[in-house]
Amino acid sequence: MLNASDARPAPGTSGRAPDDRAVAAGRPWGRIVRVAALVVGVALVLAFPTMVPNAYILSAGIVVVSYACTATAWNFMGGFTGYVSLGHAAFFGLGAYGTGLLIRDVGLSSFVAWIVAGALVLLVTIPVGIAALRVRGASFVIVSIAFVLILLLVFQAWGSFTGGSDGLVVPRPFPDLLRPEHHQVFFYLFAALLAVMLVVWWAIDRSRFGTGLKAIREDEDKAQALGIPTRNYKLVAYVVSATFTGLAGGMYALWFGDLDPIFQFSIMLGSYMVLMALLGGVRHLFGPALGALIVGSGLEYFKLEFGDTQLHLVATALLLGLVVLFMPDGIIPAVRALLKRFGPEDSSIREVTAAELLERNRTASHGAPSRDTASTTAAATAPATPTTRQEDGR
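Conventions and cut-offs
- Residues numbered from 1 in each chain as written.
- Predicted model: local features only at pLDDT ≥ 70, side-chain atom pairs only at ≥ 80, totals over all residues.
- Heavy atoms only, no water.
- Helix = DSSP H or I, 4+ residues; strand = E, 2+ residues; numbered from the N terminus.
- Buried < 20%, exposed > 50% of the residue type's maximum accessible area, 1.4 Å probe, protein only.
- Contact = heavy atoms within 4.5 Å.
- Areas by Shrake-Rupley, 256 points an atom, 1.4 Å probe, with all protein chains shown as cover.
- Salt bridge = Lys/Arg side-chain N within 4 Å of Asp/Glu carboxyl O.
- Core = buried A, V, L, I, M, F, W, Y, C linked by side-chain atoms within 4.5 Å.
- Axes fitted to C-alpha atoms, helices over the stretch in contact; angles between N-to-C directions.
- Parallel < 35°, antiparallel > 145°, perpendicular 65-115°, else oblique.
- Nonpolar A, V, L, I, M, F, W, Y, C, P; charged D, E, K, R; others polar.
- Patch = residues over 30% accessible without salt bridge, like charges linked within 9 Å, V, L, I, M, F, W, Y side chains within 5 Å.
- Phe/Tyr/Trp six-rings, centres within 6.5 Å; stacked < 30°, edge-to-face > 60°.
- Left-handed = near helix turned anticlockwise from the far one by under 90°.
- Expected span 1.5 Å × (residues − 1).
- Arc of directions from axis to C-beta.
- pLDDT = per-residue confidence, 0-100.

## Describing the overall build of the protein chain
When you go through the protein chain residue by residue, the secondary structure sums to 18 helices and 2 strands. When burial is assessed residue by residue, the protein chain has 42% of its 394 residues classed as buried. Nonlocal contacts in the protein chain, meaning residues at least 24 apart in sequence, comprise 77% of its contacts between residues at least 6 apart. Carbon and sulfur atoms make up 66% of the accessible area of the protein chain, which totals about 21,800 Å².

## Focus: the pattern of salt bridges
Enumeration over the complete set of coordinates arrives at 8 salt bridges. Residues Lys214 and Asp205 are paired through a salt bridge, measuring 3.0 Å at the closest nitrogen-oxygen approach. Looking at Lys214, the relative accessible area reads 22%, which means it is partly exposed. Between Glu218 and Arg217 there is a salt bridge whose closest N-O contact spans 3.2 Å.

## Concerning the nonpolar core
Of all hydrophobic cores here, the largest spans 85 residues; its most connected members are Tyr67 and Phe190. With 14 residues, the top contributor of residues to this core is helix H11 (residues 230-256).

## Looking at the packing of helix H3 (residues 55-81) against helix H13 (residues 267-280)
The N-to-C vectors of H3 and H13 enclose an angle of 75 degrees; their axes lie 8 Å apart at closest approach. Relative to H13, the element H3 lies roughly perpendicular. Contacts between H3 and H13 involve Tyr67, Thr70, Ala71, Trp74 and Asn75 from the former and Leu269, Tyr272, Met273, Val274, Met276 and Ala277 from the latter. The residue makeup of the contact of H3 with H13, split by class, is 9 nonpolar, 2 polar and no charged.

## As for a nonpolar patch on the surface
Residues Leu38, Val42, Leu46, Tyr188 and Phe286 make up a contiguous nonpolar surface patch of roughly 420 Å² in combined accessible area. No other element matches the 3 residues that helix H2 (residues 18-51) contributes to the nonpolar patch. If you trace the backbone, Leu38 turns up in helix H2. Accessibility expressed as a relative area gives 42% for Leu38, which makes it partly exposed.

## A few points about the side chain of Thr230
For Thr230, the position within the fold is in helix H11. Classification of Thr230 by relative accessible area gives buried; the value is 5%. Excluding its chain neighbours within four sequence positions, the residues that come into contact with Thr230 are Ile216, Glu220, Ala223 and Gln224.

## Some points on the packing of aromatic side chains
How two aromatic rings sit relative to each other is set out by the distance from centre to centre and by the angle between their planes. For the structure on display, the rule yields 23 aromatic pairs. On the basis of an interplanar angle of 70 degrees and a centroid distance of 5.8 Å, the ring pair of Tyr301 and Phe302 is categorised as edge-to-face. Residue Tyr301 is classed as partly exposed on the basis of its relative accessible area of 48%. Among the residues examined, Phe302 registers a relative accessible area of 24% and is labelled partly exposed. One aromatic cluster in this structure is built from Tyr83, Phe91, Phe140, Phe147 and Tyr238.

## Regarding the environment of Leu46
Within the element layout of this structure, Leu46 appears in helix H2. Linking Leu46 and Phe187, residues 141 residues apart in sequence, is a C-alpha distance of 9.1 Å.

## Looking at the packing of H3 against helix H14 (residues 287-306)
Relative orientation of the contacting elements H3 and H14 amounts to 140 degrees, with a least axis distance of 8 Å. Overall, the two elements H3 and H14 adopt an arrangement that is oblique. With respect to the hand of their crossing, H3 and H14 are arranged in right-handed fashion. Mapping the contact onto sequence places Tyr56, Ala60, Val63, Val64, Tyr67, Ala68, Ala71, Thr72 and Asn75 in H3 and Pro288, Ala289, Ala292, Leu293, Gly296, Ser297, Leu299, Glu300, Lys303 and Leu304 in H14.

## Quick look at the environment of Ala55
Within the fold, Ala55 resides in helix H3. Put simply, Ala55 and Pro180 are 125 residues apart on the chain and 5.5 Å apart in space, counted from C-alpha to C-alpha.

## What to know about helix H6 (residues 137-157)
Since one α-helical turn is 3.6 residues long, residues separated by three or four positions face the same way. Across its 21 residues, H6 extends 31 Å between first and last C-alpha, which sits within 8% of the 30 Å expected from 1.5 Å per residue. Along H6, the positions that sit buried rather than exposed are Phe140, Val141, Ser144, Phe147, Val148, Leu151, Leu152 and Phe155. Angularly, the buried residues of H6 cover 130 degrees about the axis, an arc narrow enough to put them on a single face. In H6, the exposed positions angled more than 90 degrees off the buried face are occupied by Ala138, Ile142, Ile150, Leu153 and Ala157.

## Side note on the confidence of the model for the protein chain
The predicted model of the protein chain averages 83 in pLDDT, with 82% of residues at 70 or higher. Per-element confidence in the protein chain ranges from a low mean pLDDT of 43 for helix H1 (residues 4-7) to a high of 97 for H11. Note on residues 1-26: pLDDT under 50 across the span, and 32 contacts to partners over four residues away in sequence or across chains. The low-confidence segment residues 368-394, where pLDDT is below 50, has 17 contacts with residues more than four positions distant or belonging to other chains.

## What about the environment of Val199?
With respect to the helices and strands, Val199 occurs in helix H8 (residues 179-205). Its relative accessible area of 54% is what places Val199 among the exposed residues. Separated by 86 residues in the primary sequence, Val199 and Leu285 have C-alpha atoms spaced 9.1 Å apart.

Put into structure tokens, the structure is as follows:
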């Protein structure tokens, strides 16, 4: 019969049981499934402009992809650090108006103005972030809302510079293209911007910097006590998030061509970013994009069916309530938990036969005899019947 000494790993081994190796061997299948799903998703995105029946659906697709960009950009701050900002529309509006004003007043070409506007948003965000990140929780939410409201009033009142309530017209970067071809080009441009955001998010998620941000999200005080420079980490995440949001706003300005302060600096736009990220899953790479697909498609459908009514706002509020009540972590984590519940259970305890122990110790010792191997061999070859021992004097 096996005893405790027979079950201890041989020197130089990791001590991992054969069932762990079986689990590790099954992981490549999970990777294959994920890679296949990613390839299919990319193929569908690339084929979408050629599959749609009319230009209106294509323009709705651009709106959805732009929402995916803004939600993913917001997730650099909200997903990594746990700080909820409802004022990210401020950076969206700054990027949009910055691009349009640089084209109109400075004479820069469209995409040069887009890049310069993104750099200006980055510079503006640094002092704003230093001031805003001095507070946490609800106070941070209030500061973010105050910032976007201030910009709304400034851009609406400064009519001689921004156009005010009359709006700002941004020249089209491809004036020779017809409207359908114009939509196709910008659909791919938005998709490319989204791909860059996803790659950057993926890289941060697997870096030491990302680990520090997630430590801040879980418990900022403990993270700071462990030596993580929380203020600098939060500021970098805030700047990256704002810059990508500004680039999404600039791209929207080049595509749509008509800017209005009420929309560009709308708190509802910031709320949509939060809702989309929460719906898909803020801790998952594709969570905000999935949320944008659902929420963006729903908003466009309600606007088409019910015109200028506010029914789409009611539907958005109901959706947000359902997410908070039943899927607080988002759709992707909820689906994973459901599949795990109905799938095979993983066990941390498993009976190990003498033959398996013998094979493991032989492999670990590379054929060198040892006391553990000898005892395991004796245990494996001993008969199943119990043995008796004779003692002197009995």
